[in-house]
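Survey of secondary and tertiary structure
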Amino acid sequence: MAMSYTLCMTAKPKTESKIHTAPDGVQEVALSDSRPLLSRLIRDALGGKVSALTERGERRIMLVTPEWYDEAVKAMSERSA
């Protein structure tokens, strides 16, 4: 009887270790590693955590809720008025 190995047989998902929490509390993930983590990062954003996708160690985009974004836009417009 032959047995084949599949990715679902791994003992521990390696994607968990690819999320790093920066000193400011923002979760950071390299853009190249983000695809399998997007569902988790979105759920985390809905729970109030902010995440950043990075390239070469620099933040390129932030994942926030629509409500957070709307508040930020509102605050910026009030500041410039």
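The notes below deal with the structure included here. (Residues numbered from 1 in each chain as written. Predicted model: local features only at pLDDT ≥ 70, side-chain atom pairs only at ≥ 80, totals over all residues. Heavy atoms only, no water.)

1. Focus: helix α2 (residues 66–80)
Using the following cut-off: Helix and strand labels come from DSSP, where a helix needs a run of H or I of at least four residues and a strand needs a run of E of at least two; each type is numbered from the N terminus. Here the expected length of a helix is defined as 1.5 Å per residue gap, with one fewer gap than residues. Here's how the labels work: a residue is buried when its accessible area is under 20% of the maximum for its type, exposed when over 50%, partly exposed in between, all with a 1.4 Å probe on protein chains only.
The first and last C-alpha atoms of α2 sit 21 Å apart over 15 residues, in line with the 21 Å expected at 1.5 Å per residue. For α2, a buried count of zero out of 15 residues is recorded, marking the element as mostly open to its surroundings.

2. A closer look at the nonpolar core
Which entries qualify depends on this criterion: Grouping buried Ala, Val, Leu, Ile, Met, Phe, Trp, Tyr and Cys residues that are joined through side-chain atoms within 4.5 Å yields what is termed a nonpolar core. Contacts were defined at the residue level, with two residues in contact if any of their heavy atoms lie within 4.5 Å.
Of all hydrophobic cores here, the largest spans five residues; its members are I19, V29, L37, L41 and L53. Non-local contacts of L53, meaning those with residues more than four positions away in its chain, are made with V29, L31, S34, L41, E58, R59, R60, I61 and L63.

3. Considering the sheet that holds strand β2 (residues 27–30)
Condition: A pair of strands is considered paired only if DSSP assigns at least 2 bridges between the two. Where helices are involved, their axes are fitted lines through C-alpha atoms of the stretch in contact, as for all axes, and angles between N-to-C directions lie from 0 to 180°.
Taken in spatial order, the four strands make up an open sheet running β1-β2-β3-β4, and their pairing is mixed. Edge strands, defined here as strands with exactly one partner in the open sheet, are β1 (20–21) and β4 (58–63). Summarising the sheet, strand β3 (residues 51–55) and β4 pair through five bridges and their orientation is antiparallel. The residue bridging S51 from the neighbouring strand is L63, located in β4. Here helix α1 (residues 38–46) sits on the sheet and contacts β2, β3 and β4; the angle it forms with β2, its principal contact strand, is near 160°.

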